[in-house]
Structures are given as C-alpha cells and as structure tokens.
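Below, each chain spelled out in residue letters.
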Amino acid sequence: QVQLVESGGGLVQAGDSLKLSCTTSTRTFTKYAMAWFRQAPGKEREFVAAISWGYSITDYANAVTGRFTISGDNAKLNTIYLQMNSLKPEDTAVYYCAGRIGSGTSSEPNEYQYWGQGTQVTVSL
C-alpha cells in the first residue's frame, strides 16, 4: 500500500505563489505516474496536473496552464511538487496528490489507485 502525504497548503492573497509537496512511502520515479487534483466546496474533484514516471511528461488542466508547474524530485525519487504562481480566488480548494501504477499521465481520477488526505489552499482577494 502506497501512502501519500501532502503539505504546503495555506492562506495567500491573489497573485501570490505557493508550492505544494507530496511525499510517498515508496519511490515513484520508475513505477507510478502522479497527479494533483483539487476539490472546491460543492464541486466535483477536478484534474490539475499530472507527471509521468521518470518525470519526463507533464500535463495540465487549461485553467492552470502557464501558472502551475508539476515536477518530481530527481534526488529523492519519492516527492513531487506543484508550484502555483499567480494564484486566483478560484484556485481555492483542497488539493489532493494521487498516484497510479503505470507510466502515462491521466486526467481521470478513477484511474488513480492511491490518494493523499489533501491540503487546503485558500486564495483571498
């Protein structure tokens, strides 16, 4: 069983930056594709960004393209990040880290077997 732990959430103002981290209980570099999803109150969980195993391919939701960057730690091999710049109030949500066995990225939450507990990101005006 792979465990995922997110950190780095918080309360920021619009235009600020924030970096989320997701640490897994096993190395993800060669076996798991990873992703970030988010869920705002009253809304469905939505895809934010994904990264393939080997950290070579990334994919982003249209709403965050150009503002968010997903990356993997090539030294630790069990940590991925989500750098969030130019944050907007509509980015407010609980952000979840997810992992799936397989090499490719996916934007479908039901393709991910492992989930973290989530970290709250709140962006105020």
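The residue numbering used here restarts from 1 in each chain and proceeds along that chain's sequence as written. In keeping with the model being predicted, local features are shown solely for residues with a pLDDT of at least 70 and side-chain atom pairs are shown and tallied solely at 80 or more, while totals for entire chains, interfaces and linings include all residues. Remark: hydrogens and water are excluded; side-chain values derive from all non-hydrogen atoms of the structure.

Caption draft 1: Representation of the state of the cysteines. Counting rule for disulfides: a pair of cysteine sulfur atoms within 2.5 Å. A complete count under the given rule lists one disulfide for this structure. What pairs with C22 in a disulfide is C97, and their sulfur atoms sit 2.0 Å apart. In this structure, the disulfide formed by C22 and C97 twists by about -75 degrees around the S-S bond and is classed as left-handed. Separated by 75 residues along the polypeptide, C22 in strand β3 (residues 18-24) and C97 in strand β9 (residues 93-101) bring together distant segments of the chain. An identical accessibility class is assigned to C22 and C97; each is buried. Secondary structure elements follow DSSP: runs of H or I of four or more residues count as helices, runs of E of two or more count as strands, with numbering from the N terminus. Only protein chains enter the calculation, and the probe is 1.4 Å; a residue is then buried if its accessible area is under 20% of its type maximum, exposed if over 50%, and partly exposed in between.

Caption draft 2: Molecular detail of the pairing of β3. Burial within β3 is extensive, with five of its seven residues counted as buried. Two strands are said to pair when DSSP picks up at least two bridges between them. Pairing of strand β1 (residues 4-7) with β3 involves four bridges; the strand directions are antiparallel. By the bridge assignment for β3, V5 is matched with T23. Of the strand pairs in this sheet, β3 and strand β8 (residues 79-84) are connected by six bridges, and their pairing is antiparallel. For L18, the partnering residue across the bridge sits in β8 and is M84.

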